[in-house]
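# Understanding the architecture of this molecule
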Amino acid sequence: MSLLKTEMALVARSAEAALDRFLSPLPGTAARLSAAMRWGTLGGGKRLRPFLAVAVADMFDVPRDRSVRAGCAVEMIHCYSLVHDDLPAMDDSDLRRGRMSVHKKYDDATAILAGDALLTLAFEILADAQTHPDAGVRCSLVGELARAAGGAGMVGGQMTDMYAAHGDFDLDAVAALQKLKTGALIRFPAIAGGLLGGAGTEDIDALDAYAADLGLAFQIVDDILDVTGEASSLGKPAGQDEQMNKATYVGLLGPDGARQKAAGLIERSAGHLARFGGRAALLAELADFVLFRRS
Ligand code: GRG
């Protein structure tokens, strides 16, 4: 197994164990809520965002328990977004990560509340002194995640995406939308890893630029897989974008053109790592993983 795959598996295990602790089953009337939160979070997913947080923080010798906490916070926001995205009012999808989506397993109201509770728990984790002893760093993490997840980030991107189906979206408009919907939550863990490690502004800007290109390439590959992949390997239905008339790179450029665009972004993303030399080897490998992933 390559070093990247070994490290990704290791971080995924640490993140899974930490998520399991953060989401310990609640008693009484909250039991159903916590069961739904666990169903939407545990036992699946590539854990790409926690891996990014840990891999960047490792470059600055941050203790793993801190970077895993930041990784869990962003993973919770990611999982909440998937839970809400699968609801009938949005993508109306019965399958996620190879099993029933949360509203199918429970019900719509429970899925909405489970997503809400994951969203807020993410900030509770970042605000805790165990994430970093310096309150200023914790404040920066909270602010960065709020910006990434909110109306000027992921939620704003989702809103645009829902209405993009009814409008004319050119390449620039699609890029702007994807930057918010997917990119913001991929940029956050890279920035968070730097903040945890006390990185300077120029280092953080370089990490941000790397993750911005990586995030757009990741989304383009996701769109390609939606056209070329199988539900069995994707763990979710294929062909949803076309069915819902979504604005995508594949729709505008075709699968080959979209892959070329993603490859260009991946090459550029690796270029932003030059200042870190060999310390960023895993991040460079991750960029290739994103381009060639199958699920
Ligand atoms: C509902 C507020 C709200 C936002 C939804 C994330 C999202 C925005 C929608 C999900 C659909 C989608 C294709 C989003 C793009 C981001 C993306 C590629 C999600 C899948 O991420 P992976 O591949 O998933 O990292 P795993 O399951 O591996 O964690």
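That block above? That's the structure.
Position numbers for residues count from 1 along each chain, tracking the sequence in the order it is written. Local features are withheld for residues below a pLDDT of 70 in this predicted model, meaning they are given only at 70 or higher, and side-chain atom pairs are given and counted only at 80 or more; totals for whole chains, interfaces and linings count all residues. Neither water nor hydrogens contribute to the side-chain values; these are computed over all heavy atoms in the structure.

### Description of empty space enclosed by the protein
Here a cavity denotes a set of grid points, spaced 1 Å apart and computed over the protein atoms alone, in which a 1.4 Å probe fits but from which it cannot get out, and a pocket denotes an open set meeting protein on both sides within 12 Å along at least five of seven lines; residues with an atom within 4 Å of a point are reported as lining. Grid points are joined across faces, edges and corners, and a volume is the space filled by probe spheres set on the points. One pass over the structure, following the stated rule, counts 1 cavity of 30 Å³ or more. Roughly 120 Å³ of volume is contained in the largest cavity. Around the largest cavity sit 14 residues that line it, and Trp39, Gly40, Arg96, Arg97 and Val102 are the ones nearest its centre. Think of it this way: any DSSP run of H or I at least four residues long counts as a helix, any run of E at least two long counts as a strand, and we number them from the N terminus. Within the residue set of the lining of the largest cavity, elements represented by two or more residues are α2 (31-41), α4 (64-85) and β2 (99-100). With 3 residues, α2 is the single largest residue contributor to the lining of the largest cavity. Here the nonpolar group is Ala, Val, Leu, Ile, Met, Phe, Trp, Tyr, Cys and Pro; Asp, Glu, Lys and Arg are the charged ones; every other residue, Gly included, is treated as polar. Looking at the lining of the largest cavity residue by residue, the classes come out as 6 nonpolar, 4 polar and 4 charged.

### Some words on the packing of aromatic side chains
Each Phe, Tyr or Trp ring, with Trp reduced to its six-membered ring, pairs with another whose centre is within 6.5 Å; inter-plane angles below 30 degrees give stacked pairs, above 60 give edge-to-face pairs, and intermediate values give tilted ones. A full pass over the atoms with the stated rule returns 1 aromatic pair. For the ring pair phenylalanine 60 and phenylalanine 276, a centre distance of 6.4 Å and an interplane angle of 85° mean the geometry is edge-to-face. Highlighted residues: phenylalanine 60 in the loop between α3 (48-59) and α4 and phenylalanine 276 in the loop between α13 (249-271) and α14 (281-292), separated in sequence by 216 residues. With respect to class, phenylalanine 60 is no different from phenylalanine 276; both count as buried. When a residue's accessible area, from a 1.4 Å probe over protein chains only, is under 20% of the maximum for its type it is buried; when over 50% it is exposed; and in between it is partly exposed.

### Here we look at the site of the ligand
To be near a molecule or strand, a residue needs just one of its heavy atoms within 4 Å of it. In the vicinity of the ligand there are 19 residues, among which Lys46, Arg49, His78, Arg97 and Gln219 approach most closely. Under the rule applied, a polar contact is a pair of N or O atoms within 3.5 Å (in protein, one hydrogen donor and one hydrogen acceptor; residues adjacent in sequence only if both atoms are side-chain atoms). Contact distances for the ligand include 2.8 Å between an oxygen atom and a side-chain N or O atom of arginine 49. A distance of 2.8 Å separates an oxygen atom of the ligand from a polar atom in the side chain of histidine 78. Taken by itself the ligand offers 700 Å² of open surface, and the protein chains cover 92% of this. Where accessible areas are quoted, they stem from the Shrake-Rupley method and a 1.4 Å probe; at the residue level, only the protein chains shown are allowed to cover.

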